[in-house]
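Structural features, examined
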Amino acid sequence: MTPIQTKIAHRREHLILAEGLGIEICMALGDREGAHRHRREMEALIAAREAALQVEEEQGGSYFAAAGQISAIQADTRRAVRA
């Protein structure tokens, strides 16, 4: 992944976690529609992540290497949020 692709992946992972928190908050407040909205946004971000992996493979890169980098970014993101 290029440096800009890595930054985009980091941002996307933070947004996925934020949408997950949005779901939890809405459910705690009894806001089903809000929770559904956050779920749809989270699913769109996850689909974008999968699309980025497919593009990497189509451009001659290794899907598995890119997926490994994404997994590392996910772990970094979770650690950053917990800190």
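Description of the structure in this document.

Calculation notes
- Residues numbered from 1 in each chain as written.
- Predicted model: local features only at pLDDT ≥ 70, side-chain atom pairs only at ≥ 80, totals over all residues.
- Heavy atoms only, no water.
- Helix = DSSP H or I, 4+ residues; strand = E, 2+ residues; numbered from the N terminus.
- Buried < 20%, exposed > 50% of the residue type's maximum accessible area, 1.4 Å probe, protein only.
- Contact = heavy atoms within 4.5 Å.
- Areas by Shrake-Rupley, 256 points an atom, 1.4 Å probe, with all protein chains shown as cover.
- Lys, Arg positive; Asp, Glu negative; His and termini not counted.
- Charge placed at Lys NZ, Arg CZ, Asp CG, Glu CD.
- Expected span 1.5 Å × (residues − 1).
- Phe/Tyr/Trp six-rings, centres within 6.5 Å; stacked < 30°, edge-to-face > 60°.
- 1 Å grid on protein atoms, 1.4 Å probe; cavity = no way out; pocket = protein on both sides within 12 Å on 5 of 7 lines; lining within 4 Å.
- Points joined across faces, edges and corners; volume = space filled by probe spheres on them.
- Salt bridge = Lys/Arg side-chain N within 4 Å of Asp/Glu carboxyl O.

**Section: the overall build of the protein**
- Helix and strand counts for the protein come out as three helices and zero strands.
- In sequence order, the protein lays out its α and β elements as α-α-α.
- Projected onto its principal axes, the C-alpha coordinates of the protein cover approximately 45 × 30 × 20 Å.
- Across the 83 residues that make up the protein, the buried fraction comes to 27%.
- A sequence separation of at least 24 residues applies to 58% of the contacts in the protein between residues at least 6 apart.
- Summed over all atoms, the accessible surface of the protein reaches about 5600 Å², with 59% contributed by carbon and sulfur.
- The positive charge centre, built from 11 side chains, and the negative charge centre, built from 12, are 5 Å apart in the protein.

**Some remarks on helix α2 (residues 32-58)**
- The end-to-end C-alpha separation of α2 is 39 Å, in line with the 39 Å expected for 27 residues at 1.5 Å each.
- For α2, the set of buried residues is Gly-34, Ala-35, His-38, Met-42, Leu-45, Arg-49, Leu-53 and Glu-56.
- One or two positions beyond α2, positive phi appears at Gly-60, with a value near 95°.

**As for the packing of aromatic side chains**
- Counted by the stated rule, this structure contains one aromatic pair.
- Measuring from ring centre to ring centre gives 5.5 Å for Tyr-63 and Phe-64, while their planes differ by 85°; the resulting arrangement is edge-to-face.
- Residue Tyr-63 is classed as partly exposed on the basis of its relative accessible area of 22%.

**With respect to the layout of surface pockets**
- The calculated volume of the largest pocket comes to roughly 150 Å³.
- Met-1, Gln-5, Ile-8, Ala-9, Arg-12, Ala-52, Leu-53, Val-55, Glu-56, Ala-66 and Ile-70 together form the lining of the largest pocket.
- Looking at the lining of the largest pocket, the elements with two or more residues in it are α1 (3-29), α2 and α3 (63-82).

**Notes on the side chain of Glu-19**
- Secondary-structure assignment places Glu-19 in helix α1.
- As a buried residue without a salt bridge, Glu-19 has its nearest oppositely charged side chain in Arg-37, at a separation of 6.9 Å.
- Excluding anything up to four places from it in sequence, Glu-19 contacts His-38, Glu-41, Met-42 and Leu-45.

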